[in-house]
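So you can see what is in the structure, the chains are spelled out below.
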Amino acid sequence: MAKYANPPQDPPLFTGTKDSIVADSKALCDNTRSLLDKLVAEIKPNDAATFESVLRPQIEDENQSSLSARILGFYQYVSADAALRDASTEAEKIMDEFGIEVSMREDVFKLVDAVYKNSGLAESKEQDKDRLITEELAKSTGLESVESARLLEKEHKSYIKNGLGLPEGEKRDRFKEIKKKLSQISIAFQKNLNEENGGLWFTLEELDGVPQDVLDGLEKGTGENEGKLRLSFKYPDLFPTLKFAKNPETRRKVFIANENKCNDNVELFREAIELRDEAARLLGYPDHATFRIEDKMAKTTKTVLDFLNDLKERLGPGGLKEIEHLKELKKKDHEERGLPYDGNYYLWDHRYYDRLMIEKEYSIDENAIAEYFPITSTIEGMLKIFETLFGLVFNQLTPEDRARISPTGKAEDIAWHEDVIIFSVWDDKSEGEGFVGYLYLDLHPRQGKYGHAANFNLQPGFIQANGSRRYPATALVCNFSKPTKEKPSLLKHDEVVTLFHELGHGIHDLVGRTQYARYHGTSTVRDFVEAPSQMLENWCWTPSQLKSLSKHYKTGESIPDDLIEKLISTKHVNDALFNLRQLHFGLFDMTVHTPKSHEELKKLDISKLYNDLRADISKIKGPEEQGEASNWGNGQATFGHLIGGYDAGYYGYLSSQVYSTDMFYTKFKKDPMNGVEGRRYRHTVLAKGGSRDEMVSLEEFLGRKPSSEAFYKELGLEG
């Protein structure tokens, strides 16, 4: 591997201190402010205002700033040091507030507006507002590329969407105030989720059925909790308990407590949706969803609501059928164990009986399957798949490698925690053997760490001012169970799917080849961004790939064919209920963001809406069936997506699935390891990021317009 020993670009450093993180964020803002002041002082909004004179300096500054800005905001999700997390939160607040200040600078907008008018893009859009920016159109306006023309158009529109279409004075000031407040709410909401450290004490008897390796990892009680174990709401504790705890009362307690684990966020959520609605109405939109969706692939709220409601109609009967079957299982289980049965199927029953059904009717034990997927060899297998498909090489850095390539000469300075695994990523011979970027894996939970699974871009790729390429760095942050003395970390099959999905975002990030950082990798519209990752999940349901990924942690053997067959036969078990759960999130999101009036929104009981909608859509009973009021839980307060960028966009998880299934069925279903199609996909869809209209990339790859036929076929519904 000598040829991969010395990457042409240093890895980023993670040597921030609580003081430097805040100071660096202020310095970034000061540099950009000085640049904008200089541009405004030197250029008048006339024919001299061109892309090169006005936008080029700004975009080069944005490219350079992105190399440290994202890392400054990243510490809050991963640092083991609370002081660094707090400093990172503060830094993000400073940068967000500065971003709002910049987005509302009228003097800069006048220059951008002049460039827009001088270029002729405005006339082109007036003739046809839905006209796509093509190479021909870009050249006709004197711009070098589709990406530059797209940047000019979006930059111009973003000023208007940030309130500069409003007259100066009261309305515009209020709009700016709302933007600042929303930024603060978002940061506080996520911090509450990250720092959440609640839990419940249970006796061993109450936790009967929960796997021993989970129990071994729980805190042991002293004093009044002597003989008890503390169960946190982190996924490696929560999910196995809901899946395996035999006592329904234990599951009920855990489920309800988890829905109430972040009640400090209840008011923040309400404030956010009210402020969003007010801001949209100030700009002349009927609601926040209309404001958000017009620039996405769906374009209108009607398209989104029609899609979600159609799916609800199609899936509803299947969901009821699945519940009937699960109720029979529950009834039998309760009779066998001498437990009372009231004829209902509850929210806290679902993970337990879904798992029991798969075990009993498909003879599948998910813990036995997990023995074939120790995390290290599974990741190796996954990376091999991506190497074959996309023409990549992943080179894991040893402590010696890290010390050698670290800009400080210290291995520990190029990671934020000792658990982090680092790869340098390269093109293979067929792709030219060039450097691609850095990949980081942070796989296990710890206090204060981000609690879900996500991909974070640390440094985007772009073309630098001197014409050379800047390479990306990307991180997967996950929460898989920690290894113990007896066993390595073993992945359940659904965790293998999660890892594949997040690694899919990571690959999208790594192979991005755009001119500007702004459009790099996963920086696409939100209702497309999940499609590439969702498509790669299909490899986790393909026999040959499961075989190559598996390696029993004791014997080293691959998973047997009969077990693979059984596992694949469960792919669509209770699928209607799974998708109805996603629909609940999507329709809740759309409902709170499309009120008929601002007054109606202010009167809304959001927790009641969240729970009532879930009961209506998912068809599964909640505590209200046992006499509790409908606002028994505040699930929206634990729902980071709707505050962290997926507002009026959660439907994208389902609509992206239409695209992802279409791509897989069309190009990979026959031969999932087709490297020719894999490379074509890499260059046509992934490399382009958001640098051109996503529909253009999709149609070029498919060779036609996308269709929902494969999506409905996969769900077992008629198209």
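Parameters at a glance
Residues numbered from 1 in each chain as written. Predicted model: local features only at pLDDT ≥ 70, side-chain atom pairs only at ≥ 80, totals over all residues. Heavy atoms only, no water. UniProt positions renumbered as here; feature names shortened; annotations may be inferred. Phe/Tyr/Trp six-rings, centres within 6.5 Å; stacked < 30°, edge-to-face > 60°. Helix = DSSP H or I, 4+ residues; strand = E, 2+ residues; numbered from the N terminus. Buried < 20%, exposed > 50% of the residue type's maximum accessible area, 1.4 Å probe, protein only. Lys NZ or Arg CZ within 6 Å of the ring centre and 35° of its normal. Contact = heavy atoms within 4.5 Å. Pairing = 2+ DSSP bridges. Axes fitted to C-alpha atoms, helices over the stretch in contact; angles between N-to-C directions. Left-handed = near helix turned anticlockwise from the far one by under 90°. Nonpolar A, V, L, I, M, F, W, Y, C, P; charged D, E, K, R; others polar. Polar contact = N/O pair within 3.5 Å; in protein donor to acceptor, adjacent residues only side chain to side chain. Salt bridge = Lys/Arg side-chain N within 4 Å of Asp/Glu carboxyl O. Expected span 1.5 Å × (residues − 1). Parallel < 35°, antiparallel > 145°, perpendicular 65-115°, else oblique.

An unreviewed UniProt entry annotates the protein as Oligopeptidase of Podospora comata. UniProt, in its Sequence similarities (unreviewed entry) section for the protein, records the words "Belongs to the peptidase M3 family."

**Q** How should I be thinking about the packing of aromatic side chains in this particular structure?
**A** For any two aromatic rings, the description comes down to two numbers: the centre-to-centre distance and the angle of the planes. For the structure shown, the criterion picks out 40 aromatic pairs. Ring geometry for tryptophan 426 against phenylalanine 435: centres 5.0 Å apart, planes inclined by 70 degrees, an arrangement best described as edge-to-face. Ring centres of phenylalanine 668 and tyrosine 681 lie 6.2 Å apart, and the angle between their planes is 80 degrees; on these two criteria the pair is classed as edge-to-face. Of the two residues, phenylalanine 668 sits in the loop between α26 (652–667) and α27 (675–686) while tyrosine 681 sits in helix α27, which places them 13 residues apart along the sequence. Like tyrosine 681, phenylalanine 668 is buried. Here the aromatic residues Phe14, Phe74, Tyr75, Tyr77, Trp416, Tyr440, Tyr450 and Phe456 are joined through ring pairs into a cluster of three or more. The aromatic ring of tyrosine 665 is capped on one face by lysine 669, whose charged end is 4.9 Å from the ring centroid.

**Q** I'm lost on the side chain of arginine 172 in this one. Help?
**A** Its place among the elements puts arginine 172 in helix α8 (residues 170–195). Its relative accessible area of 9% is what places arginine 172 among the buried residues. Those residues in contact with arginine 172 that sit more than four places away from it in its chain are Met104, Glu106, Gly163, Leu164, Leu166 and Pro167.

**Q** Looking at this structure, how should I read the pairing of strand β4 (residues 392–396)?
**A** The side chains of a regular strand alternate between both faces of the sheet. Taken across its five residues, β4 has four buried, putting it largely inside the fold. Where β4 meets strand β5 (residues 421–427), five bridges bridge the pair, whose relative direction is antiparallel. Within β5, the position partnered with glutamine 396 by the bridge is phenylalanine 423.

**Q** What should I look at first to understand the pairing of strand β7 (residues 454–459) in this one?
**A** Here β7 lies mainly inside the structure; six of its six residues are buried. Judged from the five bridges that link them, β7 and strand β10 (residues 473–477) form a sheet pairing that is antiparallel. Of the residues in β10, the one forming a bridge with asparagine 455 is leucine 476.

**Q** Is there a simple way to explain the packing of helix α10 (residues 235–244) against helix α15 (residues 350–362) in this structure?
**A** Packed helix pairs are characterised by how far apart their axes lie and by the angle those axes make with each other. At a closest axis distance of 6 Å, the pairing of α10 and α15 adopts a crossing angle of 65 degrees. Considering how the two elements wind past one another, α10 and α15 form a crossing that is right-handed. Seen from α10, the contacting residues are Phe239, Leu242, Lys243 and Phe244; seen from α15, they are Arg351, Tyr352, Arg355 and Glu359. Counted by class, the contact of α10 with α15 contains four nonpolar, no polar and four charged residues.

**Q** What is the right way to read the side chain of lysine 327 from this model?
**A** Tracing the sequence through the fold places lysine 327 in helix α14 (residues 301–336). There is a polar contact of 3.4 Å between the side chain of lysine 327 and the backbone oxygen of glycine 343. In this structure, lysine 327 is in contact with Tyr341, Gly343 and Tyr345, ignoring residues within four places of it in sequence.

**Q** Please clarify how the pattern of salt bridges should be interpreted in this entry.
**A** Within the structure shown, the criterion is met by 58 salt bridges. Residue lysine 191 pairs with aspartate 86 through a salt bridge whose shortest N-O separation is 2.4 Å. Remark: aspartate 86 occurs in helix α3 (residues 82–103) and lysine 191 occurs in helix α8; sequence separation between them is 105 residues. Among the salt bridges present, the one from lysine 705 reaches glutamate 699, with a minimum N-O distance of 3.3 Å. According to the relative accessible area criterion, lysine 705 is exposed, its value standing at 58%. When salt bridges with common partners are traced through the structure, they connect Asp427, Asp428, Glu431, Arg679 and Arg682 into a single cluster.

**Q** Sorry if this is basic, but what is going on with helix α1 (residues 18–42) here?
**A** An α-helical turn contains 3.6 residues, so a residue and the one three or four places further along point in the same direction. Taking 1.5 Å per residue as the helical rise, α1 with its 25 residues ought to reach 36 Å, and the 37 Å between its terminal C-alpha atoms agrees with that figure. Close packing links the buried residues of α1 with α2 (51–78), α3 and α4 (106–119).

**Q** Please clarify how the packing of α2 against α4 should be interpreted in this entry.
**A** Between α2 and α4, whose axes approach to 9 Å, the crossing angle comes to 125 degrees. By the angle between their directions, the pair α2 and α4 is classed as oblique. The handedness of the crossing between α2 and α4 comes out as left-handed. Across from Phe51, Val54, Leu55 and Gln58 in α2, the residues of α4 making contact are Val108, Leu111, Val112 and Val115.

**Q** Would you mind showing me how to read the sheet that holds strand β3 (residues 228–232) here?
**A** Strands in a sheet are paired, the pairing made by backbone hydrogen bonds, and the direction either parallel or antiparallel. Read across the open sheet, the three strands follow the order β1-β3-β2; overall the sheet is antiparallel. Looking at strand neighbours, the two that pair on one side only are β1 (199–203) and β2 (219–220), the edges of this open sheet. With five bridges connecting them, β1 and β3 associate as antiparallel partners. Of the residues in β3, the one forming a bridge with tryptophan 201 is arginine 230. Helix-sheet contacts for helix α11 (residues 248–259) involve β1 and β3, and the interaxial angle to β1 is about 170 degrees.

**Q** Before we go on, may I ask you to explain the environment of serine 183 in this structure?
**A** Within the element layout of this structure, serine 183 appears in helix α8. Look at serine 183 and you get buried, because its relative accessible area is 9%. Distance from serine 183 to isoleucine 568, taken between C-alpha atoms, is 44 Å for residues 385 residues apart in sequence. Apart from the residues within four sequence positions on either side, serine 183 is in contact with Asp96 and Ile100.

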